[in-house]
Amino acid sequence: MIIHLVRSGGFGGIRREVRIETRSLSSEEREPLEGLVKASGFFSLPGKFPRPGKGADFFTYSITVDDGERVHTVEVSEPSLPDILRPLIREISKHFSG
Amino acid sequence: MAVRGIIPPHMLKHLAESSDPEDRKLAVRMLMRIEKVRGMRRALGEVYVATPTGGRCIRVYDVKHGSDSDLPGDLLANPAKSKDPEVKEAYKGADATYSFYKDLYGRNSIDDKGMCIDSSVHFETDYDNAGWDGRQMIYGDGDGVYFNRFTIAIDVIGHELTHGVTEYEAGLVYQDQPGALNESMSDVFGTLVKQRVLNETVDQADWLIGEGIFTKKVKGKALRSMSAPGTAYDDPKLGKDPQPADMKHYVKTSEDEGGVHINSGIPNHAFYLAAMELGGHAWEKAGRIWYVTLRDALKPKTSFATAAKRTYQVAGVLFGEGSAEQAAVKKGWTGVGVKIPK
Ligand SMILES: [Zn+2]
């Protein structure tokens, strides 16, 4: 499975990006990631969650998952991250370089 | 300095007779504001009141590493005396920002109706961010590796609170040029709050946004620079400050709502140039012009060029047509490649 996350925006506007090939991870790292992709029903999620009309400085995420058969991208913004995606985003974010 | 109520009506006549309907609407809005201020002065003149303090309501909550569904969290007693630096800074920053708007521009809180200013600290875990969610401010602790807590910089607090002001006034859409203007307004008033607290003149100020947020590990002094956009940091892990300082380098991107935190460098630098031209305390002239423009003269989809025109017109109304203040505003925008439209 290949997971690609781009985080943009936020107060600092500092772009972060990570591309993870899960088979190159240890099982302690791979299992929670693949588990959360599955638990979120990622491939059935809408491609874009509506951005809240108010607020500022929140992160925007673009997540793409390729499981070998399907490729799907989901775009979502804080502060209204759906609860189903929050743990996955936090888990992927641990892999930002540094 | 209190709100200036004396604005020569002939300055407004110029706007009121313009062929542009937006100019005429601006004239009407400004006349109404002036009448309101005059009425207020009359009322205050009858009974001596030192400084009206009613309406100052500042609350700090601990969300205890929860997320948006846990907001605001537990209300904290006595935040001004808290031993938790994040609580104390969130309180003091909001308090200083409230005073800034009230003392200098006569504004009573975010909505100008004295609404409570709410902040929640310890948002999520290792959260490298601060934000305004449409109701309140939130602050992250930072990851401790690259980012310190976001309350460490008082201009960040002024920045977030100003997002609330903008939402209640101009309502600048958070996308592309209006979004970058929204961001810039927050940086402008954020840095002015800091300058006022430190009592700095334009030459003494650092014009940095978020100074102190980066840990020592990061090669950079702050998140943004208004005096030299694009030079705030250059780090092997975090990359280089992407802000342009002029229209020639405007960044076209779909990320970050069209680069609202990137292209804000352009209006930021225009403000800086205007303020430097005027000298002294930036909040007295340049800040006043920008504030009245934000309050009375912008619409949700205002472009850089229109914002330039509005600040120029407001400078004419506040300080006189052909005044040094108006010339400084023009110089600021010209310096970033934005031509003021006729
Ligand atoms: Zn902002």
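Preceding this section is the structure that the text describes.
Here the structure is a predicted model, which is why all the values come from computation and not from measurement. (Residues numbered from 1 in each chain as written. Chains lettered and ligands numbered in written order. Predicted model: local features only at pLDDT ≥ 70, side-chain atom pairs only at ≥ 80, totals over all residues. Heavy atoms only, no water.)

(A) The arrangement of the overall build of chain A in detail. Secondary structure assignment for chain A yields 2 helices and 4 strands. In sequence order, the secondary structure elements of chain A are arranged as β-β-α-β-β-α. For chain A, the C-alpha radius of gyration of 13 Å lies close to 13 Å, the compact-globule estimate for 98 residues. Judged by the C-alpha coordinates and their principal axes, chain A covers about 40 × 30 × 20 Å. Expressed as a percentage of the 98 residues in chain A, the buried residues total 49%. In chain A, of all internal contacts separated by at least 6 residues, the share reaching a separation of at least 24 is 61%. As displayed, chain A offers around 4,600 Å² of accessible surface, 50% of which is attributable to carbon and sulfur atoms. Where the 14 positive side-chain charges of chain A centre and where its 14 negative ones centre are 6 Å apart. (Helix = DSSP H or I, 4+ residues; strand = E, 2+ residues; numbered from the N terminus. Rg over C-alpha atoms; globule rule 2.2 N^0.38 Å. Buried < 20%, exposed > 50% of the residue type's maximum accessible area, 1.4 Å probe, protein only. Contact = heavy atoms within 4.5 Å. Areas by Shrake-Rupley, 256 points an atom, 1.4 Å probe, with all protein chains shown as cover. Lys, Arg positive; Asp, Glu negative; His and termini not counted. Charge placed at Lys NZ, Arg CZ, Asp CG, Glu CD.)

(B) Structural view of the packing of helix 3 (residues 85-105) of chain B against helix 8 (residues 286-297) of chain B. Residues and elements named next belong to chain B. Contact geometry of helix 3 with helix 8 gives a least axis separation of 12 Å together with a crossing angle of 95°. As far as their axial angle goes, helix 8 and helix 3 are roughly perpendicular. Residue-level inspection shows Tyr-101, Leu-104 and Tyr-105 of helix 3 in contact with helix 8, the latter providing Gly-287, Arg-288 and Tyr-291. Of the residues belonging to the contact of helix 3 with helix 8, the class tally is 4 nonpolar, 1 polar and 1 charged. (Axes fitted to C-alpha atoms, helices over the stretch in contact; angles between N-to-C directions. Parallel < 35°, antiparallel > 145°, perpendicular 65-115°, else oblique. Nonpolar A, V, L, I, M, F, W, Y, C, P; charged D, E, K, R; others polar.)

(C) Examining the coordination of the zinc ion more closely. The coordination sphere of the zinc ion contains the protein donors Asp57(A) (OD), Asp57(A) (OD), His159(B) (NE2), His163(B) (NE2), Glu183(B) (OE) and Glu183(B) (OE), at a distance range of 2.0 to 2.8 Å. Geometry at the zinc ion is irregular, judged from the 6 donor atoms that bind it and their angles of 51 to 144° at the metal. With one member in each of two chains, Asp57(A) in the loop between helix 1 (27-39) and strand 3 (59-66) and His163(B) in helix 4 (residues 154-168) form a pair that bridges those chains. His163(B) gets classed as buried once you look at its relative accessible area, which sits at 2%. (Donors = N, O, S within 2.8 Å, 3.2 Å for Na, K, Ca; no water. Tetrahedral: all angles 85-135°; square planar, octahedral: opposite > 155°, others 65-115°.)

(D) Representation of the state of the cysteines. All names here are of chain B. All told, the structure shown has 1 disulfide over all chains when counted by the stated rule. Between the sulfur atoms of Cys-57 and its disulfide mate Cys-116 the distance is 1.9 Å. Disulfide Cys-57-Cys-116: torsion about the S-S bond near 90°, hence right-handed. With Cys-57 in the loop between helix 2 (21-46) and strand 1 (58-62) and Cys-116 in the loop between helix 3 and strand 3 (117-121), this pair connects stretches of sequence that are 59 residues apart. With relative accessibility at 21%, the residue Cys-57 sits in the partly exposed group. (Disulfide = S-S within 2.5 Å.)

(E) Molecular detail of the pairing of strand 1 (residues 2-9) of chain A. A large share of strand 1 of chain A lies buried, amounting to 6 of its 8 residues. Between the end of strand 1 of chain A and the start of strand 2 (residues 16-21) of chain A, which pair antiparallel, lie 6 residues, with Gly10(A) showing a positive phi angle near 85°. (Pairing = 2+ DSSP bridges.)

(F) Main features of the interface of chain A and chain B. Tallying the contact residues gives 25 residues for chain A and 33 residues for chain B. With both chains or domains summed, chain A and chain B bury close to 2,400 Å², and 51% of this area falls on carbon and sulfur atoms. Area buried by chain A at its contact with chain B is led by Phe11(A), Ile14(A) and Asp57(A), which between them contribute 30% of it. Here chain A and chain B share 5 salt bridges between them. Among the ionic pairs, Arg86(A) bridges to Glu124(B), the shortest N-O distance being 2.8 Å. The interface formed by chain A and chain B contains 17 residue pairs in polar contact (both at pLDDT 80 or more). In terms of residue count, strand 1 of chain A provides more of the side of chain A that touches chain B than any other element does, 3 residues in total. Grouping the constituent residues of the side of chain A that touches chain B by class yields 7 nonpolar, 10 polar and 8 charged. (Buried area = accessible area lost by both parts, 1.4 Å probe. Salt bridge = Lys/Arg side-chain N within 4 Å of Asp/Glu carboxyl O. Polar contact = N/O pair within 3.5 Å; in protein donor to acceptor, adjacent residues only side chain to side chain.)

(G) A look at the pattern of salt bridges. Enumeration according to the criterion identifies 26 salt bridges over all chains in this entry. For the salt bridge of Glu257(B) with Arg51(A), the shortest nitrogen-to-oxygen distance reads 3.8 Å. Within this pair, whereas Glu257(B) is found in helix 6 (residues 256-259), its partner Arg51(A) is found in the loop between helix 1 and strand 3, the two belonging to separate chains. Here Asp187(B) ties to Arg224(B) by a salt bridge, and the two come within 2.7 Å at their closest N and O atoms. With Asp187(B) in helix 5 (residues 176-197) and Arg224(B) in strand 7 (residues 224-225), the pair connects residues that are 37 residues apart, well separated along the chain. Comparing Asp187(B) with Arg224(B), the two get one shared label, buried. Residues participating in the shared-partner salt-bridge network are Glu78(A), Arg86(A), Arg90(A), Asp68(B) and Glu124(B).

(H) Fine view of the packing of aromatic side chains. Tallying each qualifying case throughout the model produces 22 aromatic pairs over all chains. Judged by centre distance (6.2 Å) and plane angle (85°), the ring pair of Phe11(A) and Phe150(B) falls under edge-to-face. With one member in each of two chains, Phe11(A) in the loop between strand 1 and strand 2 and Phe150(B) in the loop between strand 5 (137-139) and helix 4 form a pair that bridges those chains. Just as Phe11(A) is buried, Phe150(B) falls in that class too. Pairing Phe147(B) with Phe214(B) gives two aromatic rings, centres 5.6 Å apart and planes at 50°, and the pair type is tilted. Of the two residues, Phe147(B) is situated in the loop between strand 5 and helix 4 and Phe214(B) in the loop between strand 6 (208-209) and strand 7; the sequence distance between them amounts to 67 residues. Through a chain of ring-to-ring contacts, three or more aromatic side chains come together here, namely Phe11(A), Phe147(B), Phe150(B), Phe214(B) and Tyr233(B). A cation over a ring is seen here: Arg7(A) above Phe59(A), with NZ or CZ 3.8 Å from the ring centre. Over the face of the ring belonging to Phe11(A) we find Arg224(B), whose NZ or CZ atom lies 4.8 Å from the ring centre. (Phe/Tyr/Trp six-rings, centres within 6.5 Å; stacked < 30°, edge-to-face > 60°. Lys NZ or Arg CZ within 6 Å of the ring centre and 35° of its normal.)

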